[in-house]
Amino acid sequence: MDTFAALAMASLPATQRVMKARPRRKGEPIITRSMWYHIAETGVTLAVLLCGYLLYLKGTKPDGHFDFNYIFDFGHAIDGKELTMFFTAFVFVQFWNMLNVKSFMSGHLALHKLRECSVFFVMWGLIFVGQVLISMYGGEFFKLVDINLTEVLAIAGITSIVAVLGQARYALALRRKK
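No experiment lies behind these values; they were computed from the predicted model shown.

Trainee: Even after reading the chapter, I still don't get helix α5 (residues 118-137), so can you show me in this structure?
Mentor: A turn of α-helix holds 3.6 residues, and therefore any two residues three or four places apart point the same way. Here α5 spans 28 Å end to end across 20 residues, near enough to the 28 Å set by a 1.5 Å rise per residue. Every buried residue of α5 is accounted for by F120, F121, M123, W124, I127, G130, Q131, V132, I134, S135 and M136. Summarising the contacts, the buried residues of α5 are in contact with α1 (2-10), α4 (80-103), α6 (139-142) and α7 (149-159).

Here it is, written out as structure tokens:
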């Protein structure tokens, strides 16, 4: 999946702002202070969300009800299906965050210039389909417990909040600049 994500990002057309910018000085860092801040903020946020989901899975009893005290019951472990659901959530968080990365420092929202970014969206779609198939049929090969389409789509839907909130953040920033 990382290969498809890298190809998707590499396929994005250059922006005029980047093309018109003067070259960096020899000793100037490639990753700016604002980029480091954004990377750290995104990393911490996603880590907190994913750890929260893992604790939720750990605290869910076999009958499907969540019990905070069950998190600390060391007599049971997270089972294979729950780990598969966590893995699927992890991939979909990264999948949705690709839209935010596409918007980062571009001055546009993710769906800007769809035609010029067709390779990006084809690769993005391949990642989605690939993850659905891996989650449903990857079983032994990927050391997963197969989950059904409804569960995969529910995870994809819930994790889409990453893109929704990220794009809302960029939209507000763009509005403030005007």
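Trainee: Sorry, what's going on with the side chain of K58 here?
Mentor: Checked against the element boundaries, K58 lands in helix α3 (residues 33-59). Salt bridges are absent for the buried K58, whose nearest opposite-charge side chain, D73, sits at 6.3 Å. Contact partners of K58, with chain neighbours within four places excluded, come to Y70, I71, D73, H76 and I78.

Trainee: Any chance you could explain α3 here in plain terms?
Mentor: Helix length check: α3 (27 residues) gives 39 Å between terminal C-alpha atoms against 39 Å at 1.5 Å per residue, within 8%. Among all positions in α3, only M35, H38, T42, L46, L50, L57, K58 and G59 are buried. On its buried side, α3 packs onto α4 and α8 (161-177).

Trainee: Hey, could you run me through unusual backbone geometry in this one?
Mentor: With the exception of glycine, most residues fall at negative phi, and the peptide bonds are largely trans. Positive phi values are uncommon outside glycine, yet K143 reaches one of about 60 degrees. Position of K143 among the secondary structure elements: in the loop between α6 and α7.

What counts, and at which threshold
Residues numbered from 1 in each chain as written. Predicted model: local features only at pLDDT ≥ 70, side-chain atom pairs only at ≥ 80, totals over all residues. Heavy atoms only, no water. Helix = DSSP H or I, 4+ residues; strand = E, 2+ residues; numbered from the N terminus. Expected span 1.5 Å × (residues − 1). Buried < 20%, exposed > 50% of the residue type's maximum accessible area, 1.4 Å probe, protein only. Contact = heavy atoms within 4.5 Å. Lys, Arg positive; Asp, Glu negative; His and termini not counted. Salt bridge = Lys/Arg side-chain N within 4 Å of Asp/Glu carboxyl O.

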